Structures are given as C-alpha cells and as structure tokens.
Amino acid sequence: MTEKVKVRIDGEVIAATAGQTILEVARANGKYIPALCYMEGLSAVGACRLCMVQVAGVARLLPACTTPVQEGLAIDTTSSQLQSYRKIALELLLAERNHVCAVCVSSGHCELQTLAQEHGVTYVRYPYNYPRLTVDTTHPRYVLDHNRCILCSRCVRTCAEIEGAHVWDMAGRGIDTRLVSELKRPWGEATSCTSCGKCVQACPTGAMAEKGWAVEEMTKQRTVVSRLTSMREGQ
Amino acid sequence: MKKITIDHVSRIEGHAKITIRLDSAGQVADTQFHVTQVRGFEKFVEGRPYYEMPSITSRICGICPVSHELASSKACDSIMAVRIPVTAAKLRELIHCAQFVQSHALSFFHLSAPDLLLGMDFDPATRNIAGLLEEHPDALRDGIGLRKFGQQVIERLARERVHPSWVVPGGVNSPLDPHARELTLTELPAAMAIVKRTLALWKGTVDHFPNEIESFSNFPTMYCGLVGPDGSLRLYDGNLRFVGSDGSMVADQVAPNDYATYIGEATLPDSYLKAPYFKPTGFPDGIYRVGPLARLNVADRCGTPGADAELEEYRQRFGRIVQSGFHYHYARLIEALYALERMQELLDDPSIVGTMVRAHAGVNDLEGVGVIEAPRGTLIHHYKVDANGAMTWANLVVATGHNNLAIGRGILQVAKRFVDGNKIKEGALNRVSALVRAYDPCLSCSTHALGTVPLALELRGADGQLLDEVRTE
C-alpha cells in the first residue's frame, strides 16, 4: 500500500503519495510551477532550473521536478526570490543562443517565449552570446535549428523512453553542449530514426519543427507524449 | 577643396550622407551620395530554411515589409515549383495594393508634403508634420487617413499591420474573411476621394516648382518596370520592360528569371549601396530608373479607368516620357489611385473569398527568382538552396539600388542649380535633400548586402576644408 504523506505548499496542506515529486503534487492540486524540461510522461532531469522551490529548513533551492515529497515538508513556490531566480534563468536561456522570436516558426506557440512573457522578461540584462550554430535540414520531414535549442532534452527522453529508438543524445560539455543525432550523424542519415516526429512535438521551442511551415505556423501537439504514456500504463 | 556635408538626410527611410565639393570659386564641383549602414541580409540568411525567408527579409524594412514578403514568397514558390492557387495570387495582389496606398501616402504626405505644401524655403523648425498641421490641416488629415486605410486593410488580411506572417511560400495562410471584404469595400470610396482631392491639389501646385522640375534629376535615363502581356502597369506579377529616354523599347517581356542578363550590380567605393546598371550598356552608362516615374514611363497604360485618365493628363502636360525626378510625386499619386481601383476590382471578384489559398510542396528546384514592383520600384529576390532546402546564396536587388546612379547624378544637378558655396542657404541644401526624398529611397532596404540613411550633407572647399555641415537627427 502506498504511503500517504501530508505537505504544505504555499501554506496549504495537501495530501500526497510518497514518491511523488513536488511538481507532480503541486500540479495535481492546481498549483502552478513553471518548467521547461519537465514533460508529463517522461523521466525528470532537473535541467532547466525553472521549477526551483524553497523548502523550509533547506538552505538551497530545490528543483520541484526531481525532489520527492516527504511528510511534513513546507514548500514555497512563489516567493519574490524564486520569481527573480526564474527570470534570471529565462534570461540566461535567451542570452545563450540566438532566439529571434520575430522570425521563428514557433513564435506564438513557444513555451520559452510564453514563460518569458509571463515572467515579465522585457529585456535581457546579460550580453548575448551570439554563437555560430548550424541548422540541420537533412531530414526529409523535419528540421533541427540549434539556435533555438535550450538543451531541455525532452526530445532525447521522448525518443529513448517513448519511441525506443534513442536517436538523440547530448554531446560536449557546458556551453559547448549540443544535441546530436546518432553520434553526430546528420539527422537525415540517422538510420535508427523512425521519422515518427514525437521529438518535434515534444520540443518546447522552434528548435525542432516540421519542414515547410512559415514563421508563426509551427504548432505542436504537446500532449502526445503524456497521452502515449498514460495509454501504455493503462494496458 | 571646400566641402559641405548634409549628415544626415532627414525625412527619408534609413541613413544617408551627402558631400558637396566646391571649386576655388566656391561653385559646386562634385557631389557624392553615401549610404552608410551595413545590413548583411544576403550573407546571414545562408543556412536558413528557404521557407523562413519571407519573414526574415520582411525585417529589412518596417515601411514595406509586405513587398519583401511577396518577392520572397514568389522566389520560394519558384523553388517549390508550384503555381499558387488563383485566389492566393489575387489576395497577394490585394495586400500589395494596400501596401502601395499606405507607402505612397507616407511618402507624399508625411515625408515630402512639408517641402511641397509649405515650401522648400519654409522655416526648417516647422517644415514638418507639425507645420503641416498648422498650415494645411485638411491635407494632413487626408494623408493620415489614406495611410491608415492601407494599413487597416493589411491588418484585416494579415492580422498585423507591420511584419505580418500571412504571405507564405505557396500562397497565403488564411482566406479572406467575407466581413473584411465588405468593410474594405465600404471604405474604398473615401480613400479614393482622398487621392482624387490630392491629385487635384497637386495638379494646381506642381507648376509652382519650375526650378525644381528643371533640376531634380531632369536628365535622360532608361526606365525599368514590370508590365503585363499587353504592356499595362503591373505591380504584383509581370515581365520586365526597359525603355530608353526617348521611349524606345530597349528590352521587353524579360522573364524574371532572366533579370541577370540585363541587370548588373556595381559596387561603389564610398557607399554601402550597390549600383545596378543595364548590363548590355555597361557601367556607369547603363543608368536606369525604377519606381513610380519609371513605371508610368514604361507602361503603355495603367489598366484602370481613373488612373488611365490621370495618366493621359499627366502625359499631355509633361510628355510621353517624363524625365524630371520631381514628378515622382505626381506619378506616385496616380499609382495610389491605380492601387485603389485595383483593390476595388479584386474585391468585386467573387473568387477573392475562395478558400483554396495555399500550395504545399518541398524543394523541387534549387534556384528561384521572385520579382515584384515594390512602392519604390522593381524588387528582385533571387535564392539558391541545397536539396534539403537550406539557403546557400541570396541576391536582393532592391528598388533604391536601381536608382542609386540617378540619385547620385541628380544630387549634382540640383546642387549645381541651387548651392552657392559663397553664401550657403538652408533652403538650397534642403532642395538637395528633397531631391533624394522625391525618389522615396528606402536605404535600410537597399543596403542589405554591405551598409546608412538619416541624411548628412558636407560642403567642402577646393582645399578639402569642411565649410559647412548639415546633420539631421
């Protein structure tokens, strides 16, 4: 029998099941914590640092997506310090690569853009990195634009955990980290790719898109991954 | 040698500087037109998927983004090797006409009317929109109203007034809302009345500028523009025609794909604006002009009744081939009337509300050319892609570029006529700037390849000493 625990989120006492993460409990109870790398139905990696929360008695901030609840935890998800840190995280994401919303196929349908708007990012206080990045157009149906990639790894996990093909991985370290297909083969030459397109649907930005859609036209079916997972769990 | 600098030229789109060199007697010896900004679009688009090009290139300019979107989309249609649906072609022409109306209204009223209605020598402190509001409130109201109409039609069609993303490779991305059609049809008569009023006003005013007519680029050049199969004026689609200064046919029905056979591009040492020339004649003798003046010289007729009647009167007054750059203003008004009449025709056509508005395709050709008549003149987008659709090369030949040689030579003519190095008058220097404004140059558009337009004017003496300098902020 699963152990029941009680936690306090933003002052409200909430019943949860041991093993659930703070993010799962919060969202299940209508409490909004922003996140980019988290996607329901995939394993959690704590990469984007947007879901950071404050736990009473813990000196450092903890990522809600990977921190399991424990009996008696008191969690703050909305403090001004958190808001400030989330804004910094978003600005750093925007400064790292070349996110030019005006000419992006996903403008208007982008999770990074939406979060930046929600958090009042009207400018970026850090100098832009302006890296020279490539666009992989080799796949006949899809395109990967590294300029718009935030390294959330949702595509990596979708391909490995849902499709079972594991085409995608991360190569390099730190600021030189790049998403790679099949050990750095061009996407169009990746023989393990089934062209299912779920990575594209899972991508929060315009980094992965279907070919042929003009600016603002690339809408994504965000729920496809979580729907597949829940259907399989139901079997 | 003495030198005057106008830095920068005001009431134009972008950044430019003019240098006037004087001889030892203080008379104008030479002039130079410098465009001082680098944009770099042709280079930085390399590697991008071709279907992003309409939106990327529309960022070249905030005044006529629609023109770039259209030329770019046509180049992309060509790469996809598709014929876009009939309704899509009509909708593209419709938004293009709306763009013409708003851009021509901006050029005539907002940018040039201070010179034209207040006078070239009017106090520079109020030789602007504020002065117009004081002296000619009705004309200003008309100008604002006309531009608003054009912008609203663009918004109705494309959801946004500036940089919409509605024109896409293969067509447009949504059909025309029948309510938007009705609304636009009800507003068209008022817009047409504004243009007719303004034409009447200008026809009564143009004779007050004999010296400007005589000296604003009043010299023979060739002219270039798009025409239909019957030789009539075309803005969205057609073939290129070049006519000589005497009206002789130099080249006719040149397919857009063959533009490079006729148009060469020279690079000038002191400007970021390239100088296209008529290739068979060579550089720099192959000087030709584009834009409203050129289009009306090139076309046999407009093709709509009101504009054709105005064109006939215009030709009766100034001749079949009109050489003076000052008449760009008049030609612009006739074109605004044509654009409104075309909008009426397009909106009256029941197929305009058709719902098949987009063709989908991948890369079927590795090269594509798109040519349209932008408000300022012929606009050419030429792309090459790889088999995956990534851009490998781009060439943009922009309207203001075609006119570069003529603007340069026109500045010398107007400076020689009005500027006296021994007693420099603001009004004289303003005429130099006004010549540039007559061409309605879009310098941010035209410096896509290498790199400036508020205008600066330098007056330098025979020893190179800087005598005077005018900079507009």
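Residues numbered from 1 in each chain as written. Chains lettered and ligands numbered in written order. Predicted model: local features only at pLDDT ≥ 70, side-chain atom pairs only at ≥ 80, totals over all residues.

Counting secondary structure elements, chain A contains six helices and ten strands. Relative to the 2.2 N^0.38 estimate, which gives 18 Å for 235 residues, the radius of gyration of chain A is 19 Å and therefore close to what a compact globule would have. The C-alpha extent of chain A, read off along each of the three principal axes, is 50 × 50 × 30 Å. Out of the 235 residues in chain A, the part that is buried amounts to 40%. (Helix = DSSP H or I, 4+ residues; strand = E, 2+ residues; numbered from the N terminus. Rg over C-alpha atoms; globule rule 2.2 N^0.38 Å. Buried ≥ 20, exposed ≤ 12 C-beta atoms within 10 Å, placed from the backbone.)

Turning to the interface of chain B and chain A, a few remarks are in order. Listed per partner, the contact involves 19 residues of chain B and 14 residues of chain A. For the side of chain B that touches chain A, the element with the most residues is helix α2 (residues 53-58) of chain B, which contributes three residues. Looking at side-chain class alone, the side of chain B that touches chain A contains seven nonpolar, nine polar and three charged residues. (Contact = placed C-beta atoms within 7 Å. Nonpolar A, V, L, I, M, F, W, Y, C, P; charged D, E, K, R; others polar.)

Let's shift gears to the domain arrangement of chain A. Interfaces are often sized by the accessible area lost when the parts come together. Residue and element names in this part refer to chain A. Split by domain assignment, chain A resolves into domain 1 (4-78) and domain 2 (84-222). Placing the centre of domain 1 and that of domain 2 at their C-alpha centroids yields a distance of 25 Å. In this assembly, 13 residues from domain 1 lie in contact with 16 residues from domain 2. Across the side of domain 1 that touches domain 2, the residue classes tally to eleven nonpolar, one polar and one charged. (Domains from an automatic or database assignment.)

All names here are of chain B. Strand order in the open sheet formed by four strands is β8-β7-β6-β11, with mixed pairing between adjacent strands. Edge strands, defined here as strands with exactly one partner in the open sheet, are β8 (249-254) and β11 (288-289). In terms of strand pairing, strand β7 (residues 239-243) meets β8 through three bridges, oriented antiparallel. Its bridge partner being in β8, L240 is matched across the sheet by V254. (Pairing = 2+ DSSP bridges.)

On to the sheet that holds strand β6 (residues 135-136) of chain A, then. All names here are of chain A. Strand order in this open sheet of three strands is β6-β7-β10, and the pairing throughout is antiparallel. Every other strand in the sheet has two partners, leaving β6 and β10 (208-210) as the edge strands with one partner each. Pairing of β6 with strand β7 (residues 142-145) involves two bridges; the strand directions are antiparallel. Of the residues in β7, the one forming a bridge with V135 is D145.

All names here are of chain B. For the pair helix α14 (residues 404-418) and helix α15 (residues 426-438), the least separation of the axes is 9 Å and the interaxial angle reads 160 degrees. When the axis of α14 is compared with that of α15, the two are roughly antiparallel. Read as a crossing pair, α14 and α15 show a hand that is right-handed. Contact with α14, carried on its side by I407, G410, I411, V414, A415 and F418, involves A428, R431, V432, L435 and V436 of α15 and no other residues of that element. Split into classes, the residues belonging to the contact of α14 with α15 amount to nine nonpolar, one polar and one charged. (Axes fitted to C-alpha atoms, helices over the stretch in contact; angles between N-to-C directions. Parallel < 35°, antiparallel > 145°, perpendicular 65-115°, else oblique. Left-handed = near helix turned anticlockwise from the far one by under 90°.)

Moving on to the nonpolar core. Formed by 210 residues in total, the largest nonpolar core has its most connected members in A35 and C51 of chain A together with V101 and I334 of chain B. For this core, the element with the highest residue contribution is helix α4 (residues 86-118) of chain B, accounting for 16 residues. Filtering out sequence-adjacent residues up to four positions away, C51 of chain A remains in contact with L23, I33, P34, A35, Y38, P63, A64 and C65 of chain A. (Core = buried A, V, L, I, M, F, W, Y, C linked by C-beta atoms within 7 Å.)

What you tend to see is this: most non-glycine residues have negative phi, and most peptide bonds are trans. In this structure, the amide linkage connecting F283 of chain B to the following residue, P284 of chain B, adopts the cis form with an omega of 5 degrees. Inspection of the secondary structure puts P284 of chain B in the loop between β10 (275-278) and β11. At R49 of chain A, a position not held by glycine, the phi torsion is positive, near 65 degrees. Tracing the sequence through the fold places R49 of chain A in the loop between α1 (22-28) and β3 (52-55).

So, about the domain arrangement of chain B. Residues and elements named next belong to chain B. Here chain B is described as being made up of domain 1 (1-36 + 415-473), domain 2 (85-219 + 323-360) and domain 3 (220-322). Of note, the centres of domain 2 and domain 3, computed from C-alpha atoms alone, are 21 Å apart. Across the boundary between the two partners, domain 2 contributes 21 residues, which contact 21 residues of domain 3. Breaking the side of domain 2 that touches domain 3 down by element, the ones donating at least two residues are α4 and α12 (328-348). Per-element tally for the side of domain 2 that touches domain 3: the top contributor is α12, with ten residues. Partitioning the side of domain 2 that touches domain 3 into residue classes produces ten nonpolar, five polar and six charged.

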